[in-house]
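Fold and contact review
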Amino acid sequence: MERAQLKAMAKSQIKGNVGMLFLISLVSALVSAVANVIPVVGSVVMVFVITPAFAIATIIIYLNMTAGVKPTVSELFNHFNKFWAAFKVTFFQGLFVALWSLLFYIPGIIKAYSYSMAMYIQAENPEIGSLEAINRSKQMMNGHKMELFVLDLSFIGWYLLCGLTFGIYLDATRKRNPVATVIFSTMYALCAYAVVQQHNTMWIDALLFLPILVLALENLINKKKYILFLRTKVC
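Residues numbered from 1 in each chain as written. Predicted model: local features only at pLDDT ≥ 70, side-chain atom pairs only at ≥ 80, totals over all residues. Heavy atoms only, no water.

Turning our attention to the packing of aromatic side chains. Each aromatic ring pair is specified by the distance between its two centres and by the angle formed by the two planes. Counting across every chain of the model gives 12 aromatic pairs. Ring geometry for F77 versus F80: centroids 6.2 Å apart, planes at 5°, classification stacked. Classification of F80 by relative accessible area gives partly exposed; the value is 26%. One aromatic cluster is present, built from ring pairs that chain together F48, W84, F87, F91, F92, F96 and Y115. Seen from the ring of W100, K111 lies directly overhead, with NZ or CZ sitting 4.8 Å from the centre. (Phe/Tyr/Trp six-rings, centres within 6.5 Å; stacked < 30°, edge-to-face > 60°. Buried < 20%, exposed > 50% of the residue type's maximum accessible area, 1.4 Å probe, protein only. Lys NZ or Arg CZ within 6 Å of the ring centre and 35° of its normal.)

When the terminal C-alpha atoms of helix α10 (residues 156-173) are compared, their 26 Å separation across 18 residues agrees well with the 26 Å that a helix rising 1.5 Å per residue should span. Looking at α10, one finds that the buried residues are Y159, C162, G163, T165, F166, G167, Y169 and L170. After α10 finishes, the residue K175 shows a positive phi value of roughly 50°. (Helix = DSSP H or I, 4+ residues; strand = E, 2+ residues; numbered from the N terminus. Expected span 1.5 Å × (residues − 1).)

This model, assessed by the stated rule, comprises 1 salt bridge. In this structure, the salt-bridge partner of E132 is R136, at a minimum N-O distance of 3.0 Å. Separated by 4 residues within a single helix, E132 and R136 lie in helix α8 (residues 130-141), roughly one turn from each other. You can call E132 partly exposed: its relative accessible area is 36%. Take R136: its relative accessible area is 32%, and that puts it in the partly exposed class. (Salt bridge = Lys/Arg side-chain N within 4 Å of Asp/Glu carboxyl O.)

Inspection of the secondary structure puts Q93 in helix α5 (residues 83-101). Each residue touching Q93, except ones within four places of it in the same chain, is listed here: Y115, S116, A118 and I134. (Contact = heavy atoms within 4.5 Å.)

What follows covers the packing of helix α2 (residues 18-37) against helix α3 (residues 41-66). For any two helices packed against each other, the geometry is given by the interaxial angle and the distance between the axes. As a packed pair, α2 and α3 sit with axes 10 Å apart at the nearest point and diverge in direction by 170°. With respect to α3, the axis of α2 lies roughly antiparallel. In this structure, α2 contributes L21, I24, S28, V31, S32, A35 and N36 to the contact, and α3 contributes G42, S43, M46, I50, F54, I61, Y62 and M65. (Axes fitted to C-alpha atoms, helices over the stretch in contact; angles between N-to-C directions. Parallel < 35°, antiparallel > 145°, perpendicular 65-115°, else oblique.)

Here we take up the packing of α10 against helix α11 (residues 178-189). Where α10 contacts α11, the two axes come as close as 8 Å, and the packing angle between them is 135°. Classified by the angle between their axes, α10 and α11 sit oblique to one another. As for the relative orientation of α10 and α11, their crossing is right-handed in sense. Here Y159, C162, G163, F166, G167 and L170 of α10 lie close against α11, whose contacting residues are T181, F184, S185, Y188 and A189. (Left-handed = near helix turned anticlockwise from the far one by under 90°.)

In terms of nonpolar packing, the biggest core is built from 21 residues, with L148 and C162 touching the most fellow members. Elements that contribute at least two residues to this core include exactly α8, α9 (145-153), α10, α11 and α13 (204-223). Looking at this core element by element, the count peaks at 5 residues for α10. Core analysis: the second largest hydrophobic core is formed by 11 residues, I14, L21, I24 and A35 among them. (Core = buried A, V, L, I, M, F, W, Y, C linked by side-chain atoms within 4.5 Å.)

On to α11, then. Between its first and last C-alpha, α11 extends 16 Å over 12 residues, near the 16 Å set by a 1.5 Å rise per residue. When we look at burial in α11, the residues that qualify are T181, S185, Y188 and A189. Along α11, the residues classed as buried sweep out an arc of 90° about the axis, all on the same side. Its side-chain oxygen placed 2.8 Å from the backbone nitrogen of V179, N177 serves as the N-cap of α11. (Arc of directions from axis to C-beta. Polar contact = N/O pair within 3.5 Å; in protein donor to acceptor, adjacent residues only side chain to side chain.)

Structure below.
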């Protein structure tokens, strides 16, 4: 299937569900933020329970949408019993990629694509172990890693725009050295959120518009300028 067909199919599946998907994302972000406020215990719970539980729940929500099932916020909390399986998949993925990355990074990148379907496989087959999910992912991605890599590259324009909007924010508010602006803009475009969401690109627009929204809010509060804020709200 061509990339354009894949993207068109994805758009048709989320059509009419964007509001609920945004709410699901917002709820997961709020729960994570509250957990992070709690010293020590909150961080441990985030790493071992909340993050893996939400990760596998989100995947199940999207997989269900391919079968025509409407997403709901309650579904986000229906899979906490799978948190340990999800954590193990994430742990072994990270461990194996880190070990392969010791060989000058390129093998680590290749293996990251080999293991990229492991969480999806775990979500669809809760009865199997984490290592089995990773092995099945390796088999599934055999001969298809470059296809997924090219698909990811097709979204590179979004990441460039994310860096551009953050550069605009820095230039307007911090007046940093141009080299520093480029460095920090690149760091923003390739931040952990962008990396995590690389296979969930419908939320990259949040990364894109955040600097403009913050700039608009700063103008509203500090300079009483409403135009940019109103334009951002309209967008």
